[in-house]
Amino acid sequence: MNKILIVFFLLAFFVVSGKPQTYSSEDLQKTNAELNKLYQEKKYADALPLAVKAVEISEQVFGNNHLEIAKALRNLGRIQFFLKAQQSAEIVFEKALSIYKKLENLSQTDGADFAEMVEYLAFIKYQNQKLVDAESLFELALKWFEKTHGANSFKTANSLYVLGNLHYWKEMYKISAQYYKRLFEVVFNNSHNKDISLMMVYYRAKCSYRKAGMEDDFEVIKKQYEGLKQKPSENNAQSEAETKAENLGVINGRALLLQTPSYPSEARQARAGGTVRVEIVIDETGKVVCACAENKAHKALIKSTESAAYRSRFSPTLKDGKPVMVTGTVVYKFVL
């Protein structure tokens, strides 16, 4: 019912009765002030009509390709994004992007807002499996976050994380390893964040370096990570707790759901079999967030076992009554 009312309101909003209303920049300031108040209160449905109005006013007052129009479109798209109207948000963000690209000398604040918008659009593309578009947009967001906040700012973390994943799944492990390395440094230096686990980043980096044949280069990251165990730091409370997480060893028997990997015909034809060990990281909910098979296994078996591991589920591990992230090994056997 609420969505129907919103649609009705928007249609009614654009029905012009008599002479079109004339707006001024003061009207835009007033509308934006009301809009920002509702946005901060997370009253997105109430803010939506005002966001539409702000776009109309900015287009009337400033004409085409003005920064104020791009900002109004960005605000509208952001509200649509939080209302889960992803298709509408994508269209609006793309319109804003086309204007931003024509502008020069964005201020630090406007550049940061632009980077955030690009990242929202990139996530929509990523969710819709438009991976080529998503990759280029995440790279653009990363560039602007670095420009406005610095290379080590936590603002860069989401883009680094997704870019690492994208290149990993494309089997471009050397590039993936570099993104994960940068992400590790960012998370390591922002240890009080609650959004991205240093432990997960460490093991994903470790896997990329292993698959890229760059184990020696990984030693720098390994020393930093293990140093937290040997030299506790008040500033690294979260990271220290993660590095002390328990390794559960072989955990096949502890699975709530242990998926059976397929036996690919490619591996059968090559008479590849035997035992494949997959190192995994299990988060606080029992979900596998990293799975990395030994390099010595056949390539097809590596893919099959990692896929099965990711689809498996485990009981959360409790420490002092609280769920914690842990590591372990799943062992699969292939009999010819």
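To be clear, the structure that these remarks concern was listed above.
The shown structure was predicted, so the numbers you read here are calculated from the model rather than taken from an experiment.

(A) A look at helix 14 (residues 299-310). For helix 14, with 12 residues, the first-to-last C-alpha span of 17 Å sits near the 16 Å given by 1.5 Å per residue. Listing the buried residues of helix 14 in full gives Ala300, Leu301, Ile302, Ser304, Thr305, Glu306, Ala308 and Ala309. On its buried face, helix 14 is in contact with helix 8 (157-169), helix 10 (198-211), helix 13 (265-269), strand 3 (274-282), strand 4 (288-293) and strand 8 (326-334).

(B) The pairing of strand 8, seen in detail. Counting buried residues in strand 8 gives 8 out of 9 residues, a clear majority hidden from the surface. Where strand 3 meets strand 8, 9 bridges bridge the pair, whose relative direction is antiparallel. Bridge pairing in strand 8 places Arg277 opposite Val331.

(C) Structural detail: a negative patch on the surface. Together, Glu215, Asp216, Asp217, Glu219 and Glu226 give the surface a local cluster of negative charge. Summarising the element assignment, Asp216 is placed in helix 11 (residues 215-230). The class of Asp216 is exposed, set by a relative accessible area of 69%.

(D) Expanded view of the packing of helix 3 (residues 44-62) against helix 4 (residues 67-82). Relative orientation of the contacting elements helix 3 and helix 4 amounts to 160°, with a least axis distance of 9 Å. The orientation of helix 3 relative to helix 4 falls into the category roughly antiparallel. Crossing of helix 3 against helix 4: the hand is left-handed. Residues Tyr44, Ala47, Leu48, Ala51, Val52, Ala54, Val55, Ser58, Glu59 and Phe62 of helix 3 touch helix 4, and the partners they reach there are Glu68, Ile69, Ala72, Leu73, Leu76, Ile79, Gln80 and Phe82. Here the residues of the contact of helix 3 with helix 4 are counted per class, giving 14 nonpolar, 2 polar and 2 charged.

Rules used in this analysis
Residues numbered from 1 in each chain as written. Predicted model: local features only at pLDDT ≥ 70, side-chain atom pairs only at ≥ 80, totals over all residues. Heavy atoms only, no water. Helix = DSSP H or I, 4+ residues; strand = E, 2+ residues; numbered from the N terminus. Expected span 1.5 Å × (residues − 1). Buried < 20%, exposed > 50% of the residue type's maximum accessible area, 1.4 Å probe, protein only. Contact = heavy atoms within 4.5 Å. Pairing = 2+ DSSP bridges. Patch = residues over 30% accessible without salt bridge, like charges linked within 9 Å, V, L, I, M, F, W, Y side chains within 5 Å. Areas by Shrake-Rupley, 256 points an atom, 1.4 Å probe, with all protein chains shown as cover. Salt bridge = Lys/Arg side-chain N within 4 Å of Asp/Glu carboxyl O. Lys, Arg positive; Asp, Glu negative; His and termini not counted. Charge placed at Lys NZ, Arg CZ, Asp CG, Glu CD. Axes fitted to C-alpha atoms, helices over the stretch in contact; angles between N-to-C directions. Parallel < 35°, antiparallel > 145°, perpendicular 65-115°, else oblique. Left-handed = near helix turned anticlockwise from the far one by under 90°. Nonpolar A, V, L, I, M, F, W, Y, C, P; charged D, E, K, R; others polar.

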